[in-house]
Amino acid sequence: MVLQSSLKNCLQLSCILRTSKAGFRSTSGGIIIQSISNDVYENLAVEDWIHDHMNLENQRVLFLWRNSPAVVIGRHQNPWQECNLRLLRQKNIKLARRRSGGGTVYHDLGNINLTFFTNRKKYERMENLKLVVKALKALCPQLDVRVTDRYDILLDRQYKISGTAAKLGRTTAYHHCTLLCNADKLVLSSVLKSPYKGLKSNATPSVPASVKNLFEEDPSLTCEMLLDAIAEEYATQHQIDHHVTLINPADEFLLPGINNKVKELQNWEWVYGKTPKFSVSTCFNMVYKDSVLDVKVDMEIKHGRIEVCNIGLPEQWLPPTLCSELVKSLTGSKLCPNETSALATTLLRMCPQDDELHSRWNLLCENMMMLM
Amino acid sequence: VCIHRVRSCSSIGFIKSKYVCVFDKAALKFSHQQRLFRTSAVSCGQIVQFKLSDIGEGIMEVTVKEWYIKEGDSVSQFDSICEVQSDKASVTITSRYDGIIRKLHYNLDDIAYVGKPLVDIEIDTSKGVAPEEDVVETPPMSHEEHTHQEIKGRKTLATPAVRRLAMENNIKLSEVVGTGKDNRILKEDILNYLAKQTGAILPLSPKAEIVPPLPKSLPAAPKDKAHKIPVPVSRPLVFSGKDKTEPVTGFQKAMVKTMSAALKIPHFGYCDEIDLTHLIQLREELKPVAQTRGIKLSFMPFFIKAASLGLLQYPVLNASLDESCQNVTYKASHNIGVAMDTEQGLIVPNVKNVQVCSVFEIAAELNRLQSLGSAGQLGTNDLTGGTFTLSNIGTIGGTYAKPVVLPPEVAIGALGKIQVLPRFNEKGEVFKAQIMNVSWSADHRIIDGATMARFSNLWKSYLENPASMLLDLK
């Protein structure tokens, strides 16, 4: 942490030295960096770090990164509304919330991410996207790719291959976008489909789109080729060395304070707790022995926690005191199946040891967990 | 107006009305004397309408998504005020002034317009925003006086001169270690911060350099579970020094409920030591066999199976006492719970029907429960119906323990770590033994000491001489 100010100066200094050595008389310097990590939290932390600590008054940065399977939601979105959390947990796909706005995307190693850092005044998304399109066309002239006014890049005029988001601070800004090279479309569509019904929220909704991989147009394309082409175009356009510096986001010495940023991004309070207030109003059927029961659930969720909870069960199907205990326990708890099961199973310890009661209780709890 | 303010402040000091008292809650901590000084210095603030500045790209309106401050909070220049969103861009709006927030012009999810007022800030005109000699204005107590703000619960104490120095050098006060009283930041602290030079620059050689990835875990001593003390993970130092109160929810709440119920149970303890030398050898032989079947074999499956064999002889330990203590139910199934420490807290899933499972089947089931447990995906069925529990606290450390019986069960065992200790054999010779301690706790309302002791002896004999388990395995 102590090193920030000096690091800023060093970085500035070293960049100026480099450009003058190369004989350029550019008024602004720039660097291209690429992450060696595939961890979504580490890479997002690098973005935060550059945004918070680098002096971009006279220089710009292009940051290249890829992640192992992860779903990334926008700053003001609702993960329950945007993706299938159950499926994510089952498939061990990470969930991250980024600090920029926009919608939800799926990342895997077949997708590349580009972040354009500039000072606040030079924030210009269209230019960046046009740069990407230019690079793609240079690589593959027959590609029909264009930028829309929603800052998407479309392939063949109908398939989205890139989504954009941005973050503006006081003095710096960044614009990042994805680019689908060879991602798993099946997983993408299944995880980005929310099974949760009855959600009412003011969170930013995503706009679903049909996607396609660039690989499908030109099977010779790889992520490395794309990254290289874009880096080259960036270097040319901004008159800097086409030199990509590899960085390790886990290097606390190089990026002081980065580990704290990673932890912040991994924290439940950030990923889930930052969800704007929303309500859940739904019902489900439970099949128990020969009958089908209707259960109505109403919940209000604030900061990812259950503020208000109402469970409407057929009368006397379960002891009413037990039900009210469950509602009381759930109030204030995270909207998390793990916590719900811990609380629900604990309550059962205090009850008469009746197999019938146990199986009914378990059935109700399993269904409640499905809502989370 | 000024006089009015001073008078009302000095008489009560707790008036919440915004337009009367200018000091914030935190000032209540300081001496009455100081407060008076402060109010007299800070009288007659000017309300400025802070307008939403240009976002760029010709954007004229944005949606307010989150407020970082509320009316009455004091802010400093560059503190974050709110987060707005426009067309996939999230913008952090920071304050241009030092002062106190008097009015928020928008609610959450409202549309805010560029060029229109966002918040009203009451500026302390005697201080001003430009770096002038504001120190002159304040009374002679300026050495003691400090400005402070509470943004998101963090206070940084520093005099106006220090704050100006920080601002000029683009330093965030929150990132500087204060060495003054109450962690106040002094001028020397800022200068030290600036002076610290290191060689940390990005690698700039012409060839792309690969910085080898550091191991995920923080640098710690190599993990040698049984014998070395792990180096404690270093945590970032926090200097706030303030008590934090949070509601009890989730896993903690579950534990509170369980343990409060356990209080009703009169516990007694019984401890012993087990020589695991033979078992360790046996496990070494069987580990690769289990591996070929895709299962990781620990000691627990043996402990669990031996417990079940013991429960066959002493079924009262696998029983349950009803609410009124009128009836004891001897449970037919041995559903043996295994205490598991997860990131979120303590959970106790159980292996069902151990009485009809082989050691291998128990091992397989344990693998399943452990992987589900660490992924936070255990179902309610795995977490309910337990009849007896074992807690292997020894994997973390410790020898003897005093475990708490988990209702509706009546007994529990805590297993300590395995230590290499010298012991005497029948010939009176000293030999190297692998010793593990076990601590049992039981419900003294229906379990007596003798039963617990005999059960423990039987369990111990099975484990010290694993071949004997073969005789009784069903």
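Residues numbered from 1 in each chain as written. Chains lettered and ligands numbered in written order. Predicted model: local features only at pLDDT ≥ 70, side-chain atom pairs only at ≥ 80, totals over all residues. Heavy atoms only, no water.

**Quick notes on the overall build of chain B**
For clarity, the cut-off: By definition, any uninterrupted DSSP run of H or I lasting at least four residues is a helix, any uninterrupted run of E lasting at least two residues is a strand, and each is numbered from the N terminus. Burial status follows relative accessibility: with a 1.4 Å probe on protein chains alone, a residue under 20% of its type maximum counts as buried, one over 50% as exposed, and anything between as partly exposed. The contact criterion used throughout is that any non-hydrogen atoms of two residues lie within 4.5 Å. Residue burial considers only the protein chains on display, and all accessible areas are found by Shrake-Rupley using a 1.4 Å probe.
When helices and strands are counted, chain B shows 11 helices and 20 strands. Across the 474 residues in chain B, those meeting the buried criterion constitute 44%. Sequence-distant contacts in chain B: of pairs separated by 6 or more residues, those separated by 24 or more amount to 60%. Carbon and sulfur atoms make up 57% of the accessible area of chain B, which amounts to about 25800 Å² in all.

**Structural notes on the pattern of salt bridges**
Quick reminder of the rule: Criterion for a salt bridge: a side-chain nitrogen of Lys or Arg within 4 Å of a carboxyl oxygen of Asp or Glu.
By the definition in use, this model includes 36 salt bridges over all chains. Here A:Asp144 and A:Arg157 are joined by a salt bridge, their closest N and O atoms 3.4 Å apart. In this pair, A:Asp144 is assigned in the loop between helix H5 (125–139) and strand E7 (145–147) and A:Arg157 in the loop between strand E8 (153–155) and strand E9 (159–162), connecting sequence segments 13 residues apart. Judged by relative accessible area, which is 56%, A:Arg157 ranks as exposed. The partner of B:Lys244 in a salt bridge is B:Glu246, with the nearest N and O atoms 3.4 Å apart. With respect to burial, B:Lys244 and B:Glu246 carry one shared label: exposed. Through salt bridges with shared partners, a single ionic network connects A:Arg150, A:Asp152, A:Lys160 and B:Lys88.

**Some points on the domain arrangement of chain B**
Put simply, the rule is: Domain start and stop points were drawn from an automatic or database domain assignment.
Under the domain assignment used here, chain B contains domain 1 (46–123), domain 2 (160–195) and domain 3 (265–471). A straight line from the C-alpha centre of domain 1 of chain B to that of domain 3 of chain B covers 60 Å.

**Comments concerning helix H2 (residues 40–53) of chain A**
Residues and elements named next belong to chain A. As a reminder, the rule being used: In a helix, the anticipated span is given by 1.5 Å times the number of residues less one. Polar contact is defined as a pair of N or O atoms within 3.5 Å, subject to the rule that within protein one atom must be able to donate a hydrogen and the other to accept it, and that residues adjacent in sequence are counted only when both atoms are side-chain atoms.
Between its first and last C-alpha, H2 extends 20 Å over 14 residues, near the 20 Å set by a 1.5 Å rise per residue. Among the 14 residues of H2, 13 are classified as buried, and the element is accordingly described as predominantly covered. Residue Asp 39 occupies the N-cap position of H2, its side-chain oxygen lying 3.1 Å from the main-chain nitrogen of Tyr 41.

**Quick look at the pairing of strand E5 (residues 89–94) of chain B**
Let me state the cut-off plainly: Two strands qualify as a pair provided DSSP detects at least 2 bridges between them.
Counting buried residues in E5(B) gives six out of six residues, a clear majority hidden from the surface. On E5(B), burial covers both faces: B:Ala89, B:Val91 and B:Ile93 on one face and B:Ser90, B:Thr92 and B:Thr94 on the other are all buried. Pairing between strand E10 (residues 164–168) of chain A and E5(B): three bridges, direction parallel. Looking at the pairing, A:Lys167 lines up with B:Ser90 of E5(B). Here six bridges tie strand E4 (residues 80–86) of chain B to E5(B), and the two strands are oriented antiparallel to one another. The partner of B:Cys82 across the bridge, within E5(B), is B:Ile93. In textbook terms, the turn of a hairpin is the stretch between consecutive antiparallel strands, and for E4(B) and E5(B) this stretch comprises two residues, one of which, B:Asp87, has a positive phi near 45°.

**Structural notes on the sheet that holds E10(A)**
Heads up, the rule is: All axes are obtained by fitting lines to C-alpha atoms, using only the stretch in contact for helices, and the reported angles, taken between N-to-C directions, cover 0 to 180 degrees.
Strand order in this open sheet of 10 strands is E13(A)-E1(A)-E2(A)-E6(A)-E11(A)-E10(A)-E5(B)-E4(B)-E2(B)-E7(B), and the pairing throughout is mixed. Taken across any chain shown, the strands that pair with only one partner, and hence form the sheet edges, are strand E13 (244–247) of chain A together with strand E7 (111–113) of chain B. Going from strand to strand, the sheet's axes swing by 25° on average, the running direction of each strand aside. Looking at chain direction, strand E1 (residues 29–35) of chain A and strand E2 (residues 59–65) of chain A are connected through six bridges and run parallel. Residue A:Ile33 lies in a different strand from E2(A), and its bridge partner there is A:Phe63. Contacts from H5(A) reach strand E6 (111–119), E10 and strand E11 (172–180) of chain A together with E5 of chain B within the one sheet, and its direction differs from that of E11(A) by about 35°. Set on the sheet, helix H8 (residues 223–237) of chain A makes contact with E1, E2, E6, E11 and E13 of chain A; between it and E6(A) the angle comes to about 20°.

**Here we look at the UniProt feature "domain: BPL/LPL catalytic" (unreviewed entry) in chain A**
What counts is decided by this rule: UniProt positions are given in the numbering used here, feature names are shortened, and annotations may be inferred rather than shown by experiment.
UniProt annotation of "domain: BPL/LPL catalytic" (unreviewed entry) refers to residues 56–242 of chain A when read in the numbering used here. Note that residues 56–242 of chain A is 27% helix and 29% strand, and that its end C-alpha atoms are spaced 19 Å apart.

**Considerations on the packing of helix H7 (residues 300–313) of chain B against helix H10 (residues 449–464) of chain B**
Helix packing for two helices is described by the angle between their axes and how far apart those axes are. All names here are of chain B. This is how the line gets drawn: Any angle between 65 and 115 degrees counts as roughly perpendicular, while under 35 counts as roughly parallel, over 145 as roughly antiparallel, and the rest as oblique. Each crossing gets its handedness from the near helix: less than a right angle anticlockwise from the far helix is left-handed, clockwise is right-handed. When residues are sorted by character, Ala, Val, Leu, Ile, Met, Phe, Trp, Tyr, Cys and Pro go into the nonpolar class, Asp, Glu, Lys and Arg into the charged class, and all the rest, Gly among them, into the polar class.
Where H7 contacts H10, the two axes come as close as 9 Å, and the packing angle between them is 135°. Between H7 and H10, the angle falls in the class oblique. The two elements H7 and H10 cross, and the hand of that crossing is right-handed. Note on element contacts: H10 touches H7 through Phe 455, Leu 458, Trp 459, Tyr 462 and Leu 463, opposite Phe 302, Phe 303, Ala 306, Ala 307, Leu 309, Gly 310, Leu 311 and Gln 313. Class assignment for the residues of the contact of H7 with H10 results in 11 nonpolar, two polar and no charged.

**Considering the domain arrangement of chain A**
Residues and elements named next belong to chain A. Our working definition: Here the quantity called buried area is the total loss of accessible area, with a 1.4 Å probe, experienced by two parts when brought into contact, counted for both.
Examined at the domain level, chain A breaks down into domain 1 (30–272) and domain 2 (278–371). The C-alpha-based centres of domain 1 and domain 2 are spaced at 39 Å. Domain 1 puts 13 residues into the contact, and the matching count from domain 2 is 13 residues. Carbon and sulfur atoms supply 55% of the area that domain 1 and domain 2 bury against each other, a total of about 1100 Å² over both sides. Sorting the residues of domain 1 by area buried against domain 2 places Trp 80, Arg 86 and Trp 268 first, and these three jointly supply 43% of that buried surface. For the pair domain 1 and domain 2, the interface holds one salt bridge. Seen at the junction of domain 1 and domain 2, the total is four residue pairs in polar contact (both at pLDDT 80 or more). Counting residues per element, the ones that place at least two in the side of domain 1 that touches domain 2 are helix H4 (85–90), strand E12 (199–201) and helix H10 (268–271). Considered class by class, the residues forming the side of domain 1 that touches domain 2 number five nonpolar, three polar and five charged.

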